[in-house]
Structure formats: C-alpha cells, structure tokens
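Descriptive analysis of the structure
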Amino acid sequence: MAERVRIEPKGPVTAGDPDEAGSPALVALPPRDVRRKRPPGLSFLLRLETLRRLARIVSLLVCDYAAIFVAIFTALAVKTGITGDFVLRVVLDQTQSYVGFAYLVTVLLFARSDLYAERVRRPGLPRIVTALFQATVVMVIFALADGQKFQSYYVFYGSLFFAVVYVNSFRWAHAGITGALLEKAGFSRRALVVGSGRHAEFVGRALEDSPRLPVEVVGCVSPDGRPQGGLPALGRIGDIAAVIAEHAIQDVVIADPDFPQASAVELADHCHQRGVAVHVAPTTMEILLQRAEFVPGQSLPLFTLKPPVFDGLDFALKRGFDLFGATFLMVVLSPVLLACAVATRLSSHGPVLYRSMRPGISGEPFACLKFRTMRPDADARQADLEEMNEADGALFKIREDPRITPVGRILRRFSLDELPQLANVLRGEMSLVGPRPLPMRDFQQLDDWHKKRYLVLPGITGLWQVSGRSELEFDDLVRLDFLYLERWSIALDLVIILKTVPAVLRRHGAF
C-alpha cells in the first residue's frame, strides 16, 4: 500500500491552495521496501545543504587541480620523451613551477563560467573547453608581458590539449561518483513537467534517464488536467502554485510550445521566490530565436532571422578544422581502415566500399562512402522490407535487417562503416561535424521545414550521434540539427567529436 506522509508547504499559502484551511497536504509516495538499508550517517551529511555545497566545491577544486597538474606533467613528459631528455624529477619540478599560476587562472575562469555551480546548473564540456582556452590565452599574454622567452609555445597548447582531456575525464568521474553517493543517500530532485502531448511525455522520460543527477518526475500539469503518457496528472496550469507547494517541487520544466507568455513570466517569478529552478525544453521557435538579430530604427521593433550558413571567417575556421582533423584521423586510424577493408572483402562477395547517393549542401547529391555492410542486392530488396521499418518519420531502420552481413553488423554496431567518409571531408563534400546526410529515399519524404538542415555541409557525426542516435524520434533529431546550427563553434565541434567515442562504445540506438 502506498505510504502517505505530511508535507508542510513552503512559503505563503496562495489563493486556491488546498492547504488554505490550515490542514497539511497529504502526498502519496510510491511504495518503498522498508527493509532496504541506507547508511544513516551518509544520508544525514548529504542532506545538510551547507555541507553538501562545501563538499561539492572542494571536491571539484581538487579534481581540477589534479587534472591541471597531470595535464602539464603529461605535456612536458611527451616533449622530453620525444627528445630523449626525460628525467622524472626534472619534469616534476617544471610542472610544480607552472601549475600554481595555471591553476589560479583556471579556477577564476571556471568560477566565472559557473563550473562550480550545483549539478543542475553546471555547464558541460563546451564551457570547459572555452574556459581552458581563455586561461591559456591569459597565461600566454602574462608570460609575454613578463618578458619570458620561449623557443616554442608547446607547453601552452600541449597543456591545453591534455587539460581538455583530463579535466573532462576527472569531472565525468566526479559526476558519476557523487551521483552514486547521492542516490545511495536517497537524494533526488523532484521535478514537475508543464505541458501536454508527446513533447511533455518525452521530456519527462529524458529527465528520469538523466545521468547527471537522480531526478524524480512527480507528474505534470496541463491545460486539460489529464495525464500525459506515463506522467500522472497533478492538476491544471492554474493549479501550478498549489502543486509546487504540495509536492515540494524543486525543478519546473516547461515543455509546451503553446504555454502562454504571461503565465510563463508569472510562473518563473513564483518559482524563483521559492528557490525552485525553472527550465524550458526548447521548441523549434526557441531555437530559431537564438540567432535573431535586433534591427533598430524601425516603426515596429523587429528581430531578423539570418540563414544558418557558415560563411566568411566561420567557413574558413570550420573548413580548416575539417581538413586538419580528417587528415590526422586518416593517419591515426589507417590500421583500422585497412582491417575493416580486408574483413569486408573476405566476408562476402561485392565491393569493399559502398557509394550511397545522398543529398549534400543545398540538396545536391554526392557519393557518400561507406564500408559495405550489406549484401550486393540490398538496394533491390528494400522495397520488400518497408513494412518492417521500425523508425518514425522519414527514417528507414530495422534492428534485425536480413540484408546485413555478419561483418557488416559489427561494423555498424561500432560505426566503423562510416570511416571512409573522411575522404568525403577531404574532398569538400562533408564536414567532420554536421547534420547527418540521409539516403535519397528518406530525403524525398522530408517536410519542407526538415530541409533547413541541408543549408550546410553534412557531417560524419553530429548531435544525433551523441544524443540517443536511432532511439530518438525523427522530429527531435531534426531539432538537434537546428540547435547545432544555431550554437556552432569550433569548441562545440570538438566536444561532439570527443563525445562520439563513448556514444559509439555504449552502442545506444546503433542499428
């Protein structure tokens, strides 16, 4: 039987609050096995807010110091190892002479970027890369102003490269360990979804699957007060104030594109006065407004939406990054490319490479190169398999596709079949990061608003690959492309490339 507990509402009681009569609210909690043990000391300490904040900041400072120290040490060790001058004591002494100032500058810029904030507000890898780059620039300027001479600036850019790797790795481990401790202590944030339809249901599922912090989605409020998918209904939108007080909500997520603006402002004010965080799950319109530019001097204030294309300096930066990255990866991965080619040749009849005609920039078709993973008659058999399609929208996906060869299944599972597209990047037909090019069959079924993604070069990897891959619905995948186009930067491209590797190894949605 569900356990029922009394929760006193926080803050003043508002009109229409069910606690208005003075009786405390009765809140149904899910059944819990009372025999489950939890360390009482750990639970007590983690529930003390001040101690928990102090532990968070101190532990992150320790992680960052260790990461910066190891990054500088690794950069110096690699350089002295190549020249044959490696001496452990000398490298340690040099690292200690650099790490103090480097750590101070890094911490200040990290604090400025909210990288020591609570978990739900703490930015991810893009902000870390930007702050580390800024710290490196500050240190170079300071060194030059101090009159220091360098035969090369390797110690700066070498340390920056390793710092990106180590800081992100250490913070990822920190998030995993502290998240496990919080979950063991029974700590979770209580979230409320505001909205209706499939978008609200999807947001609720995504919140509960978040690896950053245990989240308990208490339920939802909607215009009609009905349940949304698996989310229990807690009332109508007008009941939000009472629901927040009654259920001790800590996070409110607006997942409704039609949510009234006046109500959104009122809701945000009410939540902020009570220490409740407010989040918005972006729709297509919110993503578009990220690149809106205000045009002054008009009789009516207007925001102009520029086309999301890479031109001028942005194009030069992205193209230079693509050429360098594709060349580097082809050299480093040449043994893997050779092994895949040999395995494809020996496993079945047919060519090693499959040239899939796909739409590129502006929809112009090009031959997208892949290692062949299917039997030679795969294209001819596709029409017979349309009824087995498991993807929605324009996509065509079958988990147990009978046309795939045994070796091809392995190549697809780890996305090794996509590696020949590095040649497409060098030829200027693709980019390392960008919207994935769809087969012509899928492209012909797109709606007009989907085709905005073809205003730029397609990519080998993108936000699709690091955000659920084939498990996401097609419209959500397209919105991820929109978000990438609006927020593009070299740092974002680097982040997506780095996150592609663990996404591939986890193999979520890869089929």
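Overview of the structure. In this text the structure is predicted, and so the values were computed from the model without any measurement.

Description of the pattern of salt bridges
For the coordinates displayed, the defined rule picks out 7 salt bridges. Among the salt bridges present, the one from lysine 370 reaches aspartate 417, with a minimum N-O distance of 3.4 Å. Taken together, the residues lysine 370 in strand E11 (residues 365-371) and aspartate 417 in the loop between helix H13 (406-413) and helix H14 (421-426) connect sequence positions 47 residues apart. Neither residue differs from the other here; lysine 370 and aspartate 417 are each classed as buried. The closest approach of N and O atoms between glutamate 418 and arginine 436, which form a salt bridge, is 3.0 Å.

Quick notes on the packing of aromatic side chains
Within this structure, the stated rule accounts for 9 aromatic pairs. A centroid spacing of 5.1 Å and a plane angle of 90° characterise the contact between tyrosine 65 and tyrosine 103, whose relative ring orientation is edge-to-face. Within this pair, whereas tyrosine 65 is found in helix H2 (residues 49-83), its partner tyrosine 103 is found in helix H3 (residues 88-112), the two being separated by 38 residues in sequence. Note on tyrosine 65: relative accessible area 37%, which makes it partly exposed. Pairing phenylalanine 324 with phenylalanine 328 gives two aromatic rings, centres 6.4 Å apart and planes at 10°, and the pair type is stacked. On the criterion of helical spacing, the pair formed by phenylalanine 324 and phenylalanine 328 is a turn pair, its members being 4 residues apart in helix H10 (residues 312-332). Given the relative accessible area of 62%, phenylalanine 324 is considered exposed. Phenylalanine 328 sits in the partly exposed class, given a relative accessible area of 49%. Connected via pairs of aromatic rings, a cluster forms that spans Phe161, Phe162, Tyr166 and Phe170. For arginine 171, the ring lying beneath its charged end belongs to tyrosine 116, and the centroid distance is 5.3 Å.

Cut-offs used in this document
- Residues numbered from 1 in each chain as written.
- Predicted model: local features only at pLDDT ≥ 70, side-chain atom pairs only at ≥ 80, totals over all residues.
- Heavy atoms only, no water.
- Salt bridge = Lys/Arg side-chain N within 4 Å of Asp/Glu carboxyl O.
- Helix = DSSP H or I, 4+ residues; strand = E, 2+ residues; numbered from the N terminus.
- Buried < 20%, exposed > 50% of the residue type's maximum accessible area, 1.4 Å probe, protein only.
- Phe/Tyr/Trp six-rings, centres within 6.5 Å; stacked < 30°, edge-to-face > 60°.
- Lys NZ or Arg CZ within 6 Å of the ring centre and 35° of its normal.

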